[in-house]
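Residues per chain, in single letters:
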Amino acid sequence: MAEETRATTAPAESPAPAEGHGQRPGPRGPRPGGGPGGPREGGRKYFRRKKVCKFCVEKIESINYKDVRLLAQFVAESGKIVPRRLTGVCTPHQRRLSSAIKQARNIALLPFAGRAN
Amino acid sequence: MNRTYELMFIVRPDMVEEDLDKLISTLETAVSSTGGTVKSVERMGKRRLAYTVRRFHDGVYVLLTVEGGGGLIHELERRLRVTEPVLKFLTVRIDDEQKRLEKIKKIREARKKTSAAPAAPAEGGGETAAVTA
């Protein structure tokens, strides 16, 4: 195992530029990170930190429509509610969050579309 | 059926302060005459609106916390709708949310106590043991 890792990391760094002159550098480029290194590190090219629900971590229980600063973190610049898959908010909190954002929109605390000017 | 509601409304920014006082006092009398109670009145002051409402960019926000039944809210909303300088209003029922928050708080405190209780005697025991030794 240890030899294998050395074998894969070494050519990736040193002879890759040398080969790059003769062959195309394109297919060679992403390989060291994505190909052999990937499966060992969890199947992904880049290590992505696991998203956690902000409300669960910071123990924010009340998601109120008046708290514009909090809500604005979960509203895109276009005025849209940012989906869970991007923010990492858990389902129960996203439900409360979206209803709070909608209430805030109704009372002109947050925009329906576009940026608050 | 007594419930707690939060009534937020926006009046036009050029409204005279006294008129606003008058409006709020009429709302308060309307609440008390329909058998409810006003818990608090909070003037949040002038704020920039997120979008234009009736060609206004700003508005004076007022938050009214009221306890009473649904008929009371119906009456208050009717009054706000009729009152010309009121740009927008929003009623939110908050008693169930408050209940939920209290419940969570209780659970958290109880959990804190249970987690703190076994830790404290153990520490105390350790100390006494050290002292006796």
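Since we're looking at a predicted model, the values are computed, not measured.

Enquirer: Tell me what's going on with the overall build of chain B, and back it up with residues and numbers.
Expert: The helix and strand inventory of chain B stands at 3 helices and 4 strands. Going from the N terminus to the C terminus, chain B shows its helices and strands as β-α-β-β-α-β-α. Burial status across chain B gives 17% buried among its 133 residues. For chain B, the proportion of contacts with a sequence separation of at least 24, taken over those separated by at least 6, is 75%.

Enquirer: Before we move on, could you go through the interface of chain A and chain B and cite the residues and values that matter?
Expert: With 11 residues of chain A at the contact, the number on the chain B side is 12 residues. A class-by-class count of the residues in the side of chain A that touches chain B yields 7 nonpolar, 3 polar and 1 charged.

Enquirer: Which residues make up the pairing of strand β1 (residues 3–11) of chain B, and what are the values?
Expert: Residue and element names in this part refer to chain B. For β1, the buried fraction is high: 7 of the 9 residues fall into the buried class. Bridge count for β1 against strand β3 (residues 56–68) is 9 bridges, and the pairing is antiparallel. Its bridge partner lying in β3, Val11 is registered against Val60. Where β1 meets strand β4 (residues 86–93), 7 bridges bridge the pair, whose relative direction is antiparallel.

Enquirer: Give me the lowdown on the nonpolar core, citing residues and values where you can.
Expert: Core analysis: the biggest nonpolar cluster contains 34 residues, and Ile101(A), Ala104(A), Leu7(B) and Ile10(B) have the highest contact counts within it. Listed by contribution, the elements that provide at least two residues to this core are α8 (91–106) of chain A together with β1, α1 (17–33), β2 (37–53), β3, α2 (70–82) and β4 of chain B. Top contributing element to this core by residue count: β1(B), with 6 residues. When near neighbours in sequence (up to four residues on either side) are disregarded, Ala104(A) contacts Tyr65(A), Val68(A), Leu71(A), Leu109(A) and Leu110(A).

Enquirer: Outline the sheet that holds β3(B), listing residues and values.
Expert: As a general point, the strands of a sheet are linked pairwise by backbone hydrogen bonds and lie either parallel or antiparallel. Residue and element names in this part refer to chain B. Within the open sheet, the 4 strands sit side by side as β2-β3-β1-β4. Their pairing is antiparallel. Of all strands in the sheet, those with a lone pairing partner are β2 and β4, marking the two edges. Each adjacent strand pair in this sheet contributes to an overall mean axis angle of 20°, direction not counted. Packing of α2 onto the sheet brings it into contact with β1, β3 and β4, and relative to β4 it is tilted by some 165°.

Enquirer: Could you give an account of the packing of α1(B) against α2(B), naming the residues involved and the relevant values?
Expert: Residue and element names in this part refer to chain B. The geometry of α1 relative to α2 is characterised by a closest axis approach of 10 Å and an angle of 155° between their N-to-C directions. By the angle between their axes, α1 is roughly antiparallel relative to α2. Once α1 is placed against α2, the crossing between them reads as right-handed. Between α1 and α2, the contacting residues are Leu27, Ala30 and Val31 on the first element and Leu72, Glu75, Leu76 and Arg79 on the second. A breakdown of the residues in the contact of α1 with α2 according to their chemical character gives 5 nonpolar, no polar and 2 charged.

Enquirer: Requested: an account of unusual backbone geometry, with residues and values cited.
Expert: Residue and element names in this part refer to chain B. We note that Arg54 has phi near 50°; this positive angle belongs to a residue other than glycine. With respect to the helices, strands and loops of the structure, Arg54 is situated in the loop between β2 and β3. Unusually for a residue other than glycine, Arg55 sits at a positive phi of about 65°. Mapped onto the elements, Arg55 comes out in the loop between β2 and β3.

Enquirer: Mind laying out the confidence of the model for chain B, listing which residues take part and the relevant values?
Expert: On average, chain B scores 84 in pLDDT, and the residues at 70 or more come to 87%. A low-confidence stretch, residues 122–133 of chain B stays under pLDDT 50, and its non-local contacts, those more than four residues away or across chains, total 0 contacts.

Enquirer: Help me get a handle on the environment of Asn106(A), residues and values and all.
Expert: All names here are of chain A. Structurally, Asn106 can be placed in helix α8. For Asn106, a count of 16 C-beta atoms within 10 Å corresponds to the partly exposed category. Separated by 41 residues in sequence, Asn106 and Tyr65 place their C-alpha atoms 9.8 Å apart.

Enquirer: Before we move on, could you go through the environment of Arg43(B) and cite the residues and values that matter?
Expert: Position of Arg43(B) relative to the elements: it lies in strand β2. Counting along the chain gives 34 residues from Arg43(B) to Phe9(B), while the straight-line C-alpha distance between them is 10.0 Å.

So, how was this worked out
- Residues numbered from 1 in each chain as written.
- Chains lettered and ligands numbered in written order.
- Predicted model: local features only at pLDDT ≥ 70, side-chain atom pairs only at ≥ 80, totals over all residues.
- Helix = DSSP H or I, 4+ residues; strand = E, 2+ residues; numbered from the N terminus.
- Buried ≥ 20, exposed ≤ 12 C-beta atoms within 10 Å, placed from the backbone.
- Contact = placed C-beta atoms within 7 Å.
- Nonpolar A, V, L, I, M, F, W, Y, C, P; charged D, E, K, R; others polar.
- Pairing = 2+ DSSP bridges.
- Core = buried A, V, L, I, M, F, W, Y, C linked by C-beta atoms within 7 Å.
- Axes fitted to C-alpha atoms, helices over the stretch in contact; angles between N-to-C directions.
- Parallel < 35°, antiparallel > 145°, perpendicular 65-115°, else oblique.
- Left-handed = near helix turned anticlockwise from the far one by under 90°.
- pLDDT = per-residue confidence, 0-100.

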